[in-house]
Amino acid sequence: MGQTHSASSVENVLDSRPESIRKQVDESLRNLQTDYIDLYYQHRIDPNVPAEAVAEVMGELIKAGKIHHWGVSNTPIEYMVAAHAVTPITATENQYSIVFRAPEKALFAFCEANHIGFVAYSPLGNGFLSGRFNAQTQYAESDFRRTMERFRAEVMANNQPVLDLLAEIAAAKSAAAKSATAAQIVLAWELAQKPFIVPIPGTTKKHRLAVAENLGALRIRLTADELHAINQKLGKMDIDESYF
């Protein structure tokens, strides 16, 4: 995946000018030692370059065989509409989780109508939904969670009902499956929401990726009734998305 902002040793600079995109793609191909990139993202909008201009150069790169598909990230629907009309967008990457459901309001409908895949980052809320933390957790100096609002003690306490619900579902599923964790329930829930959703949980540890952890979500199936019940319960909870 590529980014359409150039980088120096000092700062990242938004630059989606056609000549910049072409240069960055060529640099990425050399660095990756490959002939093409499967999915190339414009990760941030450059306010100085129209959506149509970005989409046009992406179309040129597709015709040249340098990229096969292109996508956007954290992009307003109006921008996507303009770009998609020039060169169809394959995927959009946005935050989405049990505690951040803003994309459901309009973006999902747009993706479904235009056959665009939804790549969900932070599906576990940076570990918030894993069940490993609570209001009493003390974080190491090097842990990025120390500075994140969602991990403040009062926010954790307010959202404890969400974590309790996940623990309850995980326990129920463990009775039917070999085992189920809160994180697996979260990922299974996300996969069940829409067929075009692909969650991408981040991890720095191999064991978190393994079948016993994140990949284990693939063997957990939530029925339509279970999904409906979960969503109803979540809808009654006071979750402030501004912290996520």
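Before reading further, recall that the structure is shown in the block above.
The structure presented is a predicted model; accordingly, all values stated were derived computationally and were not measured.

Notes on the overall build of the protein chain
In step 1: Broken down by element type, the protein chain carries 9 helices and 7 strands.
In step 2: The C-alpha atoms of the protein chain give 20 Å as radius of gyration, which agrees with the globular expectation for 244 residues (18 Å, within 12%).
In step 3: Seen through its principal axes, the protein chain has C-alpha atoms that stretch 55 × 40 × 35 Å.
In step 4: Burial analysis of the protein chain (244 residues in total) assigns 44% to the buried set.
In step 5: The long-range fraction of contacts in the protein chain, counting pairs at least 24 apart against all pairs at least 6 apart in sequence, stands at 69%.

A few points about the environment of V86
In step 1: Along the chain, V86 falls in helix α3 (residues 77-86).
In step 2: The class for V86 is partly exposed, based on a relative accessible area of 40%.
In step 3: In this structure the C-alpha to C-alpha distance between V86 and V57, which are 29 residues apart in sequence, comes to 9.8 Å.
In step 4: Excluding its chain neighbours within four sequence positions, the residues that come into contact with V86 are E52, A55 and E56.

Looking at helix α7 (residues 182-193)
In step 1: Across its 12 residues, α7 extends 17 Å between first and last C-alpha, which sits within 8% of the 16 Å expected from 1.5 Å per residue.
In step 2: All buried positions along α7 are accounted for by A182, A183, Q184, I185, V186, L187, A188, W189, E190 and Q193.

Digging into the side chain of R145
In step 1: Along the chain, R145 falls in the loop between β6 (117-121) and α5 (153-158).
In step 2: Accessibility expressed as a relative area gives 13% for R145, which makes it buried.
In step 3: A distance of 3.0 Å separates a polar atom in the side chain of R145 from the backbone oxygen of N126.
In step 4: If sequence neighbours within four positions are ignored, R145 has contacts with N126, G127, R132, F133, Y139 and F151.

Considering the sheet that holds strand β5 (residues 91-95)
Strands in a sheet are paired, the pairing made by backbone hydrogen bonds, and the direction either parallel or antiparallel.
In step 1: Judged by pairing direction, the sheet is parallel, and its 5 strands sit side by side in the order β3-β4-β5-β6-β7 without closing on themselves. Two strands in the sheet have a free side with no partner beyond their single neighbour: β3 (37-42) and β7 (197-200). Across the sheet, the axes of successive neighbouring strands diverge by a mean angle of 30 degrees, strand direction being ignored.
In step 2: Where β3 meets strand β4 (residues 67-73), 5 bridges bridge the pair, whose relative direction is parallel. Considered in β4, the bridge of I37 is made with I67.
In step 3: Sheet contacts for helix α2 (residues 51-63): β3 and β4; angle to β4, the most-contacted strand, approximately 155 degrees.
In step 4: Packing of α7 onto the sheet brings it into contact with β6 and β7, and relative to β7 it is tilted by some 155 degrees.

About the criteria used
Residues numbered from 1 in each chain as written. Predicted model: local features only at pLDDT ≥ 70, side-chain atom pairs only at ≥ 80, totals over all residues. Heavy atoms only, no water. Helix = DSSP H or I, 4+ residues; strand = E, 2+ residues; numbered from the N terminus. Rg over C-alpha atoms; globule rule 2.2 N^0.38 Å. Buried < 20%, exposed > 50% of the residue type's maximum accessible area, 1.4 Å probe, protein only. Contact = heavy atoms within 4.5 Å. Expected span 1.5 Å × (residues − 1). Polar contact = N/O pair within 3.5 Å; in protein donor to acceptor, adjacent residues only side chain to side chain. Pairing = 2+ DSSP bridges. Axes fitted to C-alpha atoms, helices over the stretch in contact; angles between N-to-C directions.

Geometric descriptors of this kind do not, in isolation, establish any biological role.
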